[in-house]
Amino acid sequence: MAKNLVDVEIITPDRVFYTGEATMIEFNTTEGEIGVYPNHIALTTVIAPGIVTISTEGEAVKAAVHAGFAEILPDKVTLLAEIAEWPDEIDVKRAQAAEERARERLEKKDANLDVMRAEIALKKALVRQNLKV
């Protein structure tokens, strides 16, 4: 590993989504947004649906990451994600339809509604759409 870089690995159940080095990685946790530079203190946290930004010297790449766990070490960040998607892998019309379904479920306030599940579905749909903007 080069000086002032941190190894980054994003793994999903389907694939190794990303492997590389970064000057910084930013992503959402259940406690809020976090930015990780090289030599960060060791930390384990829960990933919340959001956009992950991997900054390298001169550019930044973004992807949607939906839930999972992150292990942060001084020289490596590993995201074990439920789902990770590049912008070109996202179907905007499908995400818009998912947003509409989630909003309808939340507005109905059915007694059998799993509110948390509907809210997570809504958040995932919005993350996908925001990444495509």
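Refer to the structure printed above.
Every chain's residues receive numbers from 1 upward, in the order its sequence appears when written. Two thresholds apply to this predicted model, a pLDDT of at least 70 for residue-level local features and 80 or more for giving and counting side-chain atom pairs, whereas whole-chain, interface and lining totals are computed over all residues. Where side-chain values are given, they derive from all heavy atoms of the structure, hydrogens and water being excluded.

J.: Even after reading the chapter, I still don't get a positive patch on the surface, so can you show me in this structure?
T.: A patch consists of residues whose relative accessible area exceeds 30% and which take part in no salt bridge; residues with like charges are grouped when within 9 Å of each other, and nonpolar side chains (Val, Leu, Ile, Met, Phe, Trp, Tyr) when within 5 Å. Each accessible area is a Shrake-Rupley result for a 1.4 Å probe, and residues are judged covered by the shown protein chains and nothing else. A carboxyl oxygen of Asp or Glu within 4 Å of a side-chain nitrogen of Lys or Arg is what we treat as a salt bridge. His is not counted, nor are the chain ends, whereas Lys and Arg count as positive and Asp and Glu as negative. Every charge is mapped to an atom, namely NZ of Lys, CZ of Arg, CG of Asp or CD of Glu. On the surface, a cluster of positive charge is made up of R94, R101, R105 and R117. The element that contributes the greatest number of residues to the positive patch is helix α1 (residues 92–108), accounting for 3 residues. Under the DSSP-based scheme used, a helix requires at least four consecutive residues in state H or I and a strand at least two consecutive residues in state E, with every element numbered from the N terminus. By secondary structure assignment, the location of R101 is in helix α1.

J.: Would you explain α1 in this entry?
T.: Spacing of three or four residues puts side chains on the same side of an α-helix, whose turn is 3.6 residues. Given a rise of 1.5 Å per residue, 17 residues ought to cover 24 Å, and the 24 Å separating the end C-alpha atoms of α1 matches this to within 8%. When α1 is considered as a whole, its buried residues turn out to be A95, A98, E99 and A102. For α1, the angular spread of the buried residues around the axis is 105°, confining them to a single face. Exposed residues on α1 whose side chains face more than 90 degrees from its buried face are K93, E100, E107 and K108. Polar contacts, as used here, are pairs of N or O atoms within 3.5 Å; protein pairs need one atom able to donate a hydrogen and one able to accept it. Residues neighboring in sequence count only if both atoms are side-chain atoms. With a side-chain oxygen positioned 3.1 Å from the backbone nitrogen of K93, the residue opening α1 is D91. Positive phi appears at K109, one or two residues downstream of α1, with a value of about 55°. Given the number of residues in a helix, its expected span is that number minus one, multiplied by 1.5 Å. Three exposure classes are used, based on accessible area relative to the maximum for each residue type with a 1.4 Å probe and protein chains only: buried under 20%, partly exposed in between, and exposed over 50%. Along the arc lie the directions from the helix axis toward the C-beta atoms.

J.: Explain the layout of surface pockets to me, please; I cannot follow it from the model alone.
T.: Which parts of space are left empty comes out when a probe the size of a water molecule is rolled across the atoms. One number sums up the size of the largest pocket: a volume of about 280 Å³. What lines the largest pocket is a set of 13 residues, among which R94, A95, A98, R101 and R128 lie closest to the centre. Those elements that place two or more of their residues in the lining of the largest pocket are α1 and α2 (115–132). No other element matches α1, which puts 5 residues into the lining of the largest pocket. Ten residues, namely Ala, Val, Leu, Ile, Met, Phe, Trp, Tyr, Cys and Pro, are considered nonpolar, four, namely Asp, Glu, Lys and Arg, are considered charged, and the remaining ones, Gly among them, are considered polar. Its residues assigned to classes, the lining of the largest pocket comprises 5 nonpolar, no polar and 8 charged. Using only the protein atoms, space was sampled on a 1 Å grid; points where a 1.4 Å probe fits but cannot get out form cavities, open sets with protein on both sides within 12 Å along at least five of seven lines form pockets, and lining residues are those with an atom within 4 Å of a point. Grid points are joined across faces, edges and corners, and a volume is the space filled by probe spheres set on the points.

J.: What is the right way to read the side chain of E85 from this model?
T.: Relative to the assigned elements, E85 resides in strand β8 (residues 76–85). Looking at E85, its side chain comes within polar contact range of the side chain of H66, at 3.1 Å. In what follows, a contact means two residues having at least one pair of non-hydrogen atoms within 4.5 Å. Setting aside anything within four residues of it in sequence, one finds E85 in contact with R15, F17, A63, A64, H66, I90, R128 and L131.

J.: Any chance you could explain the environment of T29 here in plain terms?
T.: On the secondary structure map, T29 appears in strand β3 (residues 24–29). Along the backbone, T29 and A67 are 38 residues apart, and their C-alpha atoms lie at a distance of 8.5 Å. When residues no more than four places from it in sequence are discounted, the contact partners of T29 are I34, T45, V46, I47 and A48. One polar contact links the side chain of T29 to the main-chain amide nitrogen of E31, over a distance of 3.0 Å. Only 2.7 Å separates the side chain of T29 from the backbone oxygen of G32, close enough to count as a polar contact.

J.: So what exactly am I meant to see when it comes to the pattern of salt bridges here?
T.: Throughout the structure, instances matching the rule amount to 5 salt bridges. The shortest N-O distance in the salt bridge between K76 and E9 comes to 3.3 Å. Within this pair, whereas K76 is found in strand β8, its partner E9 is found in strand β1 (residues 6–11), the two being separated by 67 residues in sequence. Judged by its relative accessible area of 29%, K76 falls in the partly exposed class.

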